[in-house]
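# Remarks on the overall topology
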Amino acid sequence: MPLGRTGGHGTSRNLRAPGGRTEHGVAENRVKFLTDEPVQPGGVRDAILASWWRSRHFDVAADRIALPYMRDPDLGTPLARSAEPVLRSLTEQLDGQPISVVLTDATGMVLTRLTADADLERHLDRVHLAPGFSYAEEFVGTNGIGTALEGGRPMHVFGSEHYAERLEDLACAGVPIAHPLTGKTVGALDLTCWRKDAGPLLVTLAKTTTEQIRHALLADTSMREIELLQEYLRACHRSTGIVFALNNDVVMMNDFARAVLDPSEQDALLRQVADGSPTARTTSVTDLPSGKRARIWTQPVRSHRLFAGLVAQVKLLDTDSPRSVEPSSPGSAGGMLLPGLVGAGPLWRRVCDETRAVCADGAWLALEGEAGTGKWALLRAAHQRARPSARIAALDFADTPTGRWLDELRKPLRDPGTSVLLRHVDRLDGVHLRALASALQETRSAPGAGAGAGATDAPGWVAITFDSGAKSAELSQLVELFPRTVEVPPLRHHLEDVHLLVSFFLNRLGYGGKLSCSSEVRQLFGRASWPGNVAQVLQTLREVAKHRRNGVIGIDDVPPEILTVSRRQLSQLEAIERDAIVRGLLASKDNKAEAARALGMSRATIYRKIHEYGIVPRHTS
């Protein structure tokens, strides 16, 4: 099966890259790009140039290859099982030709590689195109595997079109593999050969082989997934509204759901559906991040008595009609799960329910979480719900304790009618932590200790809060005195609650009914990373209210740090630079070249900084 020219793998000025461009011309333009010189118009394919820019944003090194590695990649996946006989058959048909057949997972990690040519195999080993290594674009730059996965379409990368110079002797044809039922990308097939051996049929063969793998995947699909698909299709046929189906491996939604729901709403509904019963039909009402309300009918699907998944139909409710929220009903979706707290997400509901239950049970409680997650507010609210008649002795260790604080603490510790709430215990130094632990140990050793909420002679109930990032032997010893620890999640893990928090805080600040968020800001808030958690939401709205006290909050009203998706904690100088770039982009209406000129930096630098600081586009629609 000859696929093109045969021969050595040396360089040639006359070789033609795809699109009729000479290999020499592409190589010259690649050097210009890497040295921040203008690339000749039309000298490089648009798809390749776009990939070069992405590679630069990922800070990929062009002069070396350093890839993440996973020992013993999983070959028991449906993709690997289904592809194995197809790839073996293809290798036999190639009959010793210098072509390597590579299968990767959806992240670009190589699962298998079949190569009949010894020279080519040794070269691929040297550039780590081997099982366990990831050829995602973010690690190695432009290549047939990563660029095909990034673009979601077949990709031929030839010679110097590769971003890494150690790949320029190769030609690659990569094709994403979509699951035949869900359409989700599950991997990629890549055919790699020497650059001089590349022929026009390489991409065609890769496409044909990919289709064979998809047919094999369909045959391998379990009966449970087929049952779930059939029930989903029946629901779509009966309903003109929103329909979802899911299990641990598959998520399906109809075109109407994609059309009327934004990604944050889809995510919130899928989370709610996933909480459905595997044995009985359920009906629930929930609030979406956009402020809409939805009623969900969930039905379990079974195949040969085994749980196959859930099918749900959703109806959006009229949000114009007034509704009352009963703050005392724990678990009411979208309302106050506990006094003074709002949230509708399943994760937040579970944390609230667990904290309230521990308070009611009387077991000493430690609340752990990042700064600003609402640990103290959750503790006070759960205490108010579960132990309303108990007296409270509260102490905040944000400041170093002074005086006879420990002696003053011992009295409420011995009082069964008093709850002792200790905040920021992680701020204590080792000496104070040991002293506190000793006092609590004395209390736990007292008669009746550990008898629970019903014991009249039990000592006082104690709860602490501490930052999950704090680590010390003394803190660990203190926490061991508490039978129950509840972890309060960061806001980025329950973003569906952001819009409820915004409405709640605007009311709390006195701007309820006066200030509202534009759809652009709603989307921005719903996907921001909020490294400062709930406290940052409140502080952001305070900043906004300093210059806008009525009307609609627009993108220009939002502090610069919200226009970024932070990947790490920035230094003060980095934060100043980030804010300057955000303001420059706002002033230039997202024209990066104009913003770069105004800031006195090159376009390459501003692109790299935008990626490094996680700055999101101003226009989010």
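Up top is the structure these notes are about.
If you're wondering where the values come from, they're calculated on a predicted model, not measured in any experiment.

### Quick word on the packing of helix 2 (residues 46-57) against helix 21 (residues 603-613)
- Where helix 2 meets helix 21, the axes come as close as 8 Å, and the angle between the chain directions of the two elements is 60°. In contact with Trp 53, Arg 56 and His 57 of helix 2, helix 21 contributes Ala 604, Tyr 607, Arg 608 and His 611.
- For the contact of helix 2 with helix 21, the residue count by class is three nonpolar, two polar and two charged.

### Quick word on the packing of aromatic side chains
- Scanning the model with the defined rule gives eight aromatic pairs in all.
- Here the aromatic rings of Phe 504 and Phe 505 are separated by 5.6 Å at their centres, their planes lie at 55°, and the arrangement is tilted. Like Phe 505, Phe 504 is buried.
- Centroid distance Phe 525 to Trp 530: 5.5 Å. Interplanar angle 65°. Geometry classified as edge-to-face.
- According to the relative accessible area criterion, Phe 525 is buried, its value standing at 1%.
- Judged by relative accessible area, which is 1%, Trp 530 ranks as buried.
- Counting every residue linked through ring pairs, the aromatic cluster contains Phe 33, Trp 52, Trp 53 and Tyr 607.
- The lysine or arginine in question, Arg 56, covers the ring of Phe 33, its NZ or CZ lying 4.2 Å from the ring centre.
- Geometry around Trp 53 places Arg 56 over its ring, the cationic atom sitting 5.2 Å from the centre.

### What about the packing of helix 16 (residues 498-508) against helix 18 (residues 533-547)?
- It is at 10 Å that the axes of helix 16 and helix 18 come closest, and there the two elements cross at 50°. In terms of axis orientation, helix 16 runs oblique to helix 18. Judged by the twist between their axes, the crossing of helix 16 over helix 18 is right-handed. In this structure, helix 16 uses Leu 501, Val 502, Phe 505, Leu 506 and Arg 508 to contact helix 18, whose residues at the interface are Val 534, Val 537, Leu 538 and Leu 541.
- Of the residues that constitute the contact of helix 16 with helix 18, the class distribution is eight nonpolar, no polar and one charged.

### Observations concerning unusual backbone geometry
- The phi torsion at His 128 lies on the positive side, around 65°, for a residue other than glycine.
- Structurally, His 128 can be placed in the loop between helix 4 (118-126) and helix 5 (137-140).
- With relative accessibility at 26%, the residue His 128 sits in the partly exposed group.
- Positive phi outside glycine occurs at His 424, with the angle close to 60°.
- When you line up the elements, His 424 lands in the loop between strand 13 (418-423) and helix 14 (430-444).

### Here's the deal with the sheet that holds strand 13
- If you walk across this open sheet you meet the five strands as 12-13-14-11-15, and the pairing is parallel. With one partner strand each, in any of the chains shown, strand 12 (391-396) and strand 15 (484-487) form the two edges of the open sheet. Across the sheet, the mean angle from the axis of one strand to that of its neighbour is 15°, orientation sign disregarded.
- As paired strands, strand 12 and strand 13 are joined by six bridges and run parallel to one another. For Asp 396, the partnering residue across the bridge sits in strand 13 and is Arg 423.
- Against the sheet, helix 11 (residues 346-361) engages strand 11 (365-369), strand 14 (461-467) and strand 15, with an angle of about 160° to strand 15.
- Together, strand 12, strand 13 and strand 14 form the strand contacts of helix 13 (residues 405-414), whose direction differs from that of strand 13 by roughly 140°.

### Comments concerning the sheet that holds strand 10 (residues 306-317)
- The antiparallel open sheet is built from five strands, whose spatial order is 7-6-10-9-8. The sheet is open, and its two borders are formed by strand 7 (251-253) and strand 8 (282-287), each paired with just one other strand. In this sheet, neighbouring strand axes are inclined to one another by 20° on average, regardless of whether the strands run parallel or antiparallel.

### Regarding the nonpolar core
- In this structure, Leu 436 and Leu 478 are the most contacted members of the largest nonpolar core, which totals 45 residues.
- Contributions of two or more residues to this core are made by helix 11, strand 11, helix 12 (375-386), helix 13, strand 13, helix 14, strand 14 and helix 15 (473-479).
- Setting aside its immediate chain neighbours within four residues, Leu 478 contacts Val 425, Leu 433, Leu 436, Ala 437, Leu 440 and Ile 464.
- If you look at the next biggest cluster of nonpolar residues, it comprises 40 residues, including Tyr 511, Cys 517, Ala 595 and Ile 615.

### So, helix 2
- Spanning twelve residues, helix 2 covers 17 Å between terminal C-alpha atoms, matching the ideal 16 Å at 1.5 Å per step.
- Within helix 2, burial applies to Ile 48, Ser 51, Trp 52, Ser 55, Arg 56 and His 57.
- The positive-phi residue at the C-terminal boundary of helix 2 is Asp 59, with phi of around 60°.

Reading the values: rules and limits
- Residues numbered from 1 in each chain as written.
- Predicted model: local features only at pLDDT ≥ 70, side-chain atom pairs only at ≥ 80, totals over all residues.
- Heavy atoms only, no water.
- Axes fitted to C-alpha atoms, helices over the stretch in contact; angles between N-to-C directions.
- Helix = DSSP H or I, 4+ residues; strand = E, 2+ residues; numbered from the N terminus.
- Contact = heavy atoms within 4.5 Å.
- Nonpolar A, V, L, I, M, F, W, Y, C, P; charged D, E, K, R; others polar.
- Phe/Tyr/Trp six-rings, centres within 6.5 Å; stacked < 30°, edge-to-face > 60°.
- Buried < 20%, exposed > 50% of the residue type's maximum accessible area, 1.4 Å probe, protein only.
- Lys NZ or Arg CZ within 6 Å of the ring centre and 35° of its normal.
- Parallel < 35°, antiparallel > 145°, perpendicular 65-115°, else oblique.
- Left-handed = near helix turned anticlockwise from the far one by under 90°.
- Pairing = 2+ DSSP bridges.
- Core = buried A, V, L, I, M, F, W, Y, C linked by side-chain atoms within 4.5 Å.
- Expected span 1.5 Å × (residues − 1).

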